[in-house]
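Observations on the model geometry
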Amino acid sequence: MGGTEMRRCLGPQWRGGGATVLSLVLFVGASLGAQAETGRILRVGARTAYPTLSAAVAAATPGATIRVAAGTYRGATTEIRTPRLTIIGEGWPLFDGEGQRELIVVRADDVTIRGLSFINTGVSHMEDRAAVRVIESSRCRIEANRFRDALFAIYLQKSFACQVRGNDIVGASRDETSNGNGVHLWYSPHTSVIDNHVRGQRDGIYFEFSRGSVARGNVSEGNRRYGLHFMFSDSCRYERNTFRANGAGVAVMYSKQVTMLGNGFLDAQGSAAYGLLLKEITDGTLAGNQFAGNSTGLYLEGASRLAITDNDFTDNGWAVRLMADAEDSRFSGNVFRANGFDVATNSRTLRSSFEGNWWDEYRGYDLDRDGSGDVPHQPVRLFALVVERHPEALILLRSPVSRVLDAAERVFPVLTPSLADPRPLMRAPR
Amino acid sequence: MSALSLVLRAGLRDLARNRWLLAYAVALGLITESLFFFGGTGDQVVLSLLNATLLLVPLVALVFGLMHVYASREFIELLLAQPLPRRAVFSGLYLGLALPLAAAFLAGLGVPLAIHATRGGAPWVALGFLALAGVALTAAFAGIAMAIALRTDDRLRGMAIALGAWFGLAVGYDAAVLAMVSAFGDWPLERPLLVLMLGNPVDVARVLVLTALDASALLGYTGALFRKVFGSALGPTIAVAALMLWTVVPFVIARRRFLRRDF
Amino acid sequence: MIALDGIRKAYGTRSVLAGVSLGLVPGRVTGLVGPNGSGKTTLIKLILGLARLDAGRILLDGAAIDDDGRYRRRIGYAPQAPRFPENLSVGEVFAMLRALRPDDASDESLLQDFGLRAEWDTAVGALSGGWRQKVSLACAFLFTPDVLILDEPTAGLDPIAAGVFKQAVRHARDAGRTVLITSHILSELEELADDVAFLSEGQLRFAGPVATLLERTGMRRLEPAIAALLGGLRVTQGAGAAESPSIAHPRRA
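Every chain's residues receive numbers from 1 upward, in the order its sequence appears when written. Note on labels: chains are lettered from A, ligands numbered from 1, in written order. Where totals are concerned, whole chains, interfaces and linings use all residues; where local detail is concerned, this predicted model gives features only for residues with pLDDT of at least 70, and gives and counts side-chain atom pairs only at 80 or more.

1. Describing the overall build of chain C
Regarding its fold elements, chain C presents eight helices and 10 strands. Computed over the C-alpha atoms, the radius of gyration of chain C is 18 Å, within 12% of the 18 Å expected from 2.2 N^0.38 for a compact globule of 253 residues. If you line up chain C on its principal axes, its C-alpha atoms span 55 × 40 × 35 Å. The buried share among the 253 residues of chain C stands at 43%. Pairs at least 24 residues apart make up 66% of the contacts formed inside chain C by residues separated by at least 6 positions. Helix and strand definitions here come from DSSP, where helices need a minimum of 4 consecutive H or I residues and strands a minimum of 2 consecutive E residues; each element is numbered from the N-terminal end. Here the globule rule reads 2.2 Å times residues to the power 0.38, and the radius of gyration is calculated from C-alpha atoms. Residues with at least 20 neighbouring C-beta atoms inside 10 Å of their own are called buried, those with 12 or fewer are called exposed, and the rest are partly exposed, where every C-beta is derived from the backbone. Contact between residues is assigned whenever the C-beta positions, reconstructed from backbone atoms, fall within 7 Å.

2. Looking at the interface of chain C and chain B
Facing 23 residues of chain C, the contacting portion of chain B comprises 22 residues. At the level of elements, helix 1 (40–48) and helix 2 (90–100) of chain C are the ones that each hand at least two residues to the side of chain C that touches chain B. Among the residues forming the side of chain C that touches chain B, the class breakdown is 13 nonpolar, two polar and eight charged. Residue type decides the class: Asp, Glu, Lys and Arg count as charged, Ala, Val, Leu, Ile, Met, Phe, Trp, Tyr, Cys and Pro as nonpolar, and the leftover types, Gly among them, as polar.

3. Comments concerning the interface of chain B and chain A
The partner chain A presents 28 residues to the 31 residues of chain B that form the contact. Of all the secondary-structure elements, those providing two or more residues to the side of chain B that touches chain A are helix 3 (42–71), helix 7 (155–183), helix 8 (190–198), helix 9 (201–213) and helix 10 (215–218) of chain B. Considering every element that reaches the side of chain B that touches chain A, the biggest residue donor is helix 7 of chain B, with eight residues. Classifying every residue of the side of chain B that touches chain A gives 19 nonpolar, seven polar and five charged.

4. Looking at helix 4 (residues 73–80) of chain B
Listed in full, the buried residues belonging to helix 4 of chain B are F75, I76, L78, L79 and L80 of chain B. Lining the buried residues of helix 4 of chain B we find helix 1 (3–16) and helix 5 (86–116) of chain B.

5. A short note on the environment of I66 of chain A
Residues and elements named next belong to chain A. Its place among the elements puts I66 in strand 2 (residues 65–68). I66 sits in the buried class, given 22 other C-beta atoms within 10 Å. C-alpha of I66 to C-alpha of L85: the two residues are 19 residues apart in sequence and 7.4 Å apart in space. Setting aside residues no more than four positions away along its own chain, I66 makes contact with L42, V44, L53, A56, V57, A60, L85 and I87.

6. Description of the packing of helix 2 (residues 19–37) of chain B against helix 3 of chain B
Residues and elements named next belong to chain B. A fitted line through C-alpha atoms represents every axis, and for helices the fit uses only the stretch in contact; the resulting angles, taken between N-to-C directions, go from 0 to 180 degrees. Look at helix 2 against helix 3: their axes get within 11 Å of each other, and the N-to-C directions meet at 170 degrees. Between helix 2 and helix 3, the angle is such that the two are roughly antiparallel. Packed against helix 2, whose contacting residues are W20, Y24, I31, T32, L35 and F36, the element helix 3 presents V45, S48, L49, A52, V60 and F64 at the interface. The residue inventory of the contact of helix 2 with helix 3, partitioned by class, reads 10 nonpolar, two polar and no charged. Angle categories: roughly parallel below 35 degrees, roughly antiparallel above 145, roughly perpendicular from 65 to 115, and oblique for all the rest.

7. Quick word on the domain arrangement of chain A
Residue and element names in this part refer to chain A. Domain boundaries shown here were taken from an automatic or database domain assignment. Segmentation of chain A into domains returns domain 1 (1–246) and domain 2 (248–430). Between domain 1 and domain 2, the contact holds 22 residues from the first and 21 residues from the second. Counting residues per element, the ones that place at least two in the side of domain 1 that touches domain 2 are strand 22 (226–231), strand 23 (237–239) and strand 24 (242–244). Broken down by element, the residue count for the side of domain 1 that touches domain 2 peaks at six residues, all from strand 22.

8. With respect to the arrangement of the chains
There are two pairs of chains in contact here, and the one with the most contacts is chains A and B. With no contact formed, the shortest span from any C-alpha in chain A to any C-alpha in chain C equals 36 Å.

9. Concerning the environment of F230 of chain B
All names here are of chain B. Relative to the helices and strands, F230 resides in helix 11 (residues 224–230). For the pair F230 and A215, spaced 15 residues apart in the sequence, the C-alpha separation amounts to 6.6 Å. Leave out the neighbours within four places in its chain, and F230 touches T211, A215, L218, L219 and G235.

10. Side note on the packing of helix 9 of chain B against helix 12 (residues 234–260) of chain B
Residue and element names in this part refer to chain B. In contact at an axis separation of 9 Å, helix 9 and helix 12 are set at 150 degrees when each is read in the N-to-C sense. For the element pair helix 9 / helix 12, the angle class is roughly antiparallel. Two packed elements cross with a definite hand, and for helix 9 against helix 12 that hand is left-handed. Seen from helix 9, the contacting residues are P201, V204, A205, V207, L208 and T211; seen from helix 12, they are G235, P236, A239, V240, A242, L243 and W246. Here the contact of helix 9 with helix 12 is composed, by residue class, of 11 nonpolar, two polar and no charged. Take the far helix as the reference: if the near one is turned anticlockwise from it by less than a right angle, the crossing is left-handed, and if turned clockwise, right-handed.

11. Things to note about the sheet that holds strand 7 (residues 104–106) of chain A
Residues and elements named next belong to chain A. Strand order in this open sheet of 12 strands is 4-7-10-13-16-19-22-25-28-31-34-37, and the pairing throughout is parallel. In this open sheet, the two strands that pair with only one neighbour each are strand 4 (78–80) and strand 37 (341–345). Across this sheet, the average inter-strand angle for adjacent strands is 10 degrees, counted without regard to direction. At least two DSSP bridges between two strands are needed for those strands to be called paired. With six bridges joining them, strand 25 (residues 249–256) and strand 28 (residues 274–282) adopt parallel strand pairing. Each residue of the ladder has a partner; that of V252, found in strand 28, is L278.

12. Some details on the confidence of the model for chain C
Close inspection of predicted coordinates is inappropriate in any region flagged by low pLDDT. Residue and element names in this part refer to chain C. Confidence of the predictor in every single residue is expressed as pLDDT, which spans 0 to 100. In this model, chain C carries an average pLDDT of 83, and 91% of its residues clear a pLDDT of 70 or more. Confidence over residues 235–253 falls short of pLDDT 50; this stretch has 27 contacts with residues more than four positions distant or in other chains. Scoring of the predicted complex yields 0.81 for pTM and 0.86 for ipTM.

13. Side note on unusual backbone geometry
Residues and elements named next belong to chain A. Located in the positive-phi region is K158, a residue other than glycine, with phi close to 50 degrees. Locating K158 in the fold gives a position in the loop between strand 13 (152–157) and strand 14 (163–165). Given 19 C-beta atoms within a 10 Å radius, K158 is considered partly exposed. In this model, R369 sits at a positive phi of 55 degrees, which is unusual for a non-glycine residue. Within the fold, R369 resides in the loop between strand 39 (358–359) and helix 4 (382–389). Classification of R369 as exposed rests on a count of 8 C-beta atoms within 10 Å.

14. Regarding the environment of S183 of chain C
All names here are of chain C. Topologically, S183 is positioned in the loop between strand 8 (178–182) and helix 6 (186–192). The class of S183 is buried, set by 21 C-beta atoms lying within 10 Å. As a C-alpha pair, S183 and K40 span 143 residues in sequence and 9.8 Å in three-dimensional space. Among residues more than four places away in sequence, those in contact with S183 are G31, E152, T154, E188 and L189.

15. Considering the sheet that holds strand 6 (residues 75–78) of chain C
Residue and element names in this part refer to chain C. Strand order in the open sheet formed by six strands is 6-7-8-3-9-10, and the pairing between neighbours is mixed. Taken across any chain shown, the strands that pair with only one partner, and hence form the sheet edges, are strand 6 and strand 10 (203–209). Sheet twist, expressed as the average angle between the axes of neighbouring strands with direction ignored, equals 15 degrees. Where strand 6 and strand 7 (residues 147–151) come together, four bridges link them in parallel fashion. By the bridge assignment, G76 is partnered in strand 7 with L148. On the sheet, helix 4 (residues 129–141) packs against strand 6 and strand 7 and is oriented at approximately 175 degrees with respect to strand 6. Packing of helix 5 (residues 159–174) onto the sheet brings it into contact with strand 3 (29–33), strand 7 and strand 8, and relative to strand 8 it is tilted by some 145 degrees.

Listed below in C-alpha cells is the structure:
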C-alpha cells in the first residue's frame, strides 16, 4: 500500500526533468558520495561569501550544511532543488517576506530546515502563500523554527514521510477568509507532526488526503476555525495533543481507522463548536481523551464501529451528541461529570451501546458489590429531548422544573430512547 | 446610635441565639460537607449546592421570616409606641431578619468550603456567584415574607400564601415558561425568554450561576442573543443588577405596607 | 391632658369606634371598661399612633398628635400581651430601650420593686407570663412619662406584684400624671380609678367620676353599676334584661 501511495504522490517529480534514468543514476551517485560531502559547510551572513540563503543554496552540493548567521534576510524566495541540504539558523536569523512572498520552497528530498524564524508572508487571495512550502519531496525535516504572521506557516503538498517537529507558529489571527493554516498537509502521507505549538491561524493543523500520518504532542489553540481539521486521511494516529479554545474545535471527517489517544479537547464554545466532531468515521478508536469545557464535547454524525473508551467528559454543555445515523459504537469506561447533558440525540432509537461508564447523575446502588450498579442508567434525560425540540428551553437548564421532568421520566421511562447503560460504574475510574 | 441600628442590634442579638437558624446553618453545612464526603469535585459540589440553594433558601426565608414577624408583633407594637420613626423601625426589623438568615446561609456553605478549598482547583467564580445568589434570594424572600405577614394577620392564611409563593416562584413559574416554549416553539422566543427570566428572582439566581458554570452549554445554543449575553460579561452584569433590584422591590413593598398599616 | 374629639375608626367595613369624645385629666386615673370587642384596645392604639384615625382628633395638651411620633416620648405604654424577642435577656430589653431614648431620664423604682434585677440575665422567652408582665410594666414606667396607658396591667400578676403596681399607679397620679387603665377586674379598677369611661359597640355610654356612676345607677359597687348600665342599654334595645355579674361576656347571659 505504502509503495503505491508513494509512487502516486511522488509521480510528478519522477517524471520531471524528462530523463528518469539520468535522475536515478544521479540519485544513486549522490547516495554513494554522501559520506564525503557531509562535512561541507557554507555560511550565510553579512560578512561571509554568501550574503543570502539563495546564494548559498545555489552553491551547495547535495549533502551540504548551510549555517545562517543572525540577522534579517529579505529578497526573493529561496528555492531548494538540491537534495540532502541541512539549513541551520544560529541566533534565530529572520526571514522577512515583507508582505509579498513565500520564503522557502523545497523541491528536493531529505532537506532539513532548523532554527530559522519567518515573518510576514502577507495575505494573498490568489494563492495559498506559505512561509515554508515543501513540494513533491520526501523525508524533509522542518524542525524548531519560528513562524509569525504567516498566511500558511508550513505547507506540505504531495510530499512523503516528512517530519514537522517543535515549531512555534503564531498567526495574525485574522478572520477565516484572510487567514491560512499552521501546518497544512495535502496529499502528504506518512508525515509526522510532533510537538508543534500553533495559535492564531485559521486551522492549527490541517490534514487532507494524508493517510498514515501521526500528530503527537502538539498544542493547537486559539485558532479561528479548527484546532485540527482532517479529511480523507485513513489510518492516522493522534496522540497526546492539546486542542484548546479553537473557534470550531476539532473536525475529523471521511476517514477510516483513525486512532485518537490521550488528547485534550478543551473549551470549544459556540453553537457550531465541537470538542471533537466526527463525521463519516468508521472503525476508529478514541481512548483516554479528555473533553472539557466544550459546548459539545463529542459529536457523532454518520460515525460507525467506533470504540470510545476511558475518556473523560467534564463540564461540557453536551458531553456526547449522537445523530441517528451513528451506528454500532461502543462507549465504555468513560467518565461523565458535571455536564449540562451527558448524552443527547435526535432519535428515539439508537444503535450505539453504553456499558460500564461512570455517570455522576447515576442514583442507583450496588447490592452485589461487583462495582457496577444493579439498576441500569438512562443517560438521555427528558429535558435533553425537550431542548432538542425547543432549543430556547435551554435557559431552564438546572431549574427545579427540569429536575421534575427528569424525575418523572425516571419513574415512567417511556419517552427517552431505549438507550441505557446496564452496568454503570459505582466509582469513577482514574 | 440611630434607632435603626438599635432595633437591628436587638434583632441580631435575638436571632443569634435562635435554634432554628442554627439548625438551618448546620443543615446547609452538612449538605455541603456530604457533597465533598461522597467524592464530589468542585463543579459537582457547586451544581448540587445550586439545587439546594434554589429550593431551600427561598423556602426557609419565607417560612422563618413569616414566623419571625408573627412572633414579633407585640415587640413591633412596643417599638412603635416609642418615639421612633416607623421607617427606622421597619429597616431595623428587616435587616434584623435578613442579615442573620444570610449569615446562616454563608456560614453553612462557607465553613465546609473553607476546609476543602485547600485541595485547590475550586471554581471560585461560580462559588462567588452562588454565594451572591443565595444572599440575594435570602434578602428578596425575607422581604416577601414580611410583605405577606404585614398583609394578613391570620397566620394559617399567611403560611398558605407563603408556601404558594414559594411553589409558584421555585417551580410553577418555570413550568409555565416551559409550557409557553412548547406552545409557541415556532416563534422567536429568545428575547421574551430572557426578559421572563428577569421576572423571577429564583431564575435570575440560577442563570447567574449558570453563566459561570454552564457557559459552554449556554453558548451551544444557536441564537445570537444568547451568544451576546452569555459570551461576555453582559450576562452576569444584567443578572447581578436584576438580583439587586429583586432584593429592593420586596423590601419597598413591605415597607410601604408597614408605614401605612394599623397595628 | 389628652382630649379625644369625635374619633372614628373602622377596620374594613367593621366600625370599631363610632364617634368617641373623651377627656383624660392629669392627676386622675381613668378606668376604661367595656365588653370584648367594644374598642378599648383600638382606642389605646389610636392614642399611641399604632393605628390611624378615620375621623376626629386626638389632642395632647391642645396639640393634635401627628405622624411625627415625638409626642410618644410623653407616653408610657404596657400592651395587653407583652412579648419581647425571646432570646433577649431582661437586661438587654432595658438596655435597648434606654439606648433608644438616650436623652430621657429613667426611673428604676418599679423595676427594683418588682425584683427584676434577680432575673436580669434570664432570656425573656424563659419568663412566665407574670414576669413578662412585670417587665412590660417596668418599661412603661421607665421614663416617668406624663401619660401612662396600661392595657390589662394586672393580668398574670401575683398579689404582691399587683400591690406594688397599684402603689406605683397611685404614686403617679399623686405626681399629677395622667393614667388610663383597662381591666376586666372591676374590683381592681374600683380601687384605682377616679373616673370611668364605658365603651360599648363603639360608643361611649358613660364617662365621668366613679362616684357619679354609682349615684346614677344607685349601686354601691362598680360591677353592678356597670351591669346596670349594660342592662339599661339592652333594655333600651329591647333585648331583655341582663343580670350578668360580669361585663366580660355580656352576650353569654
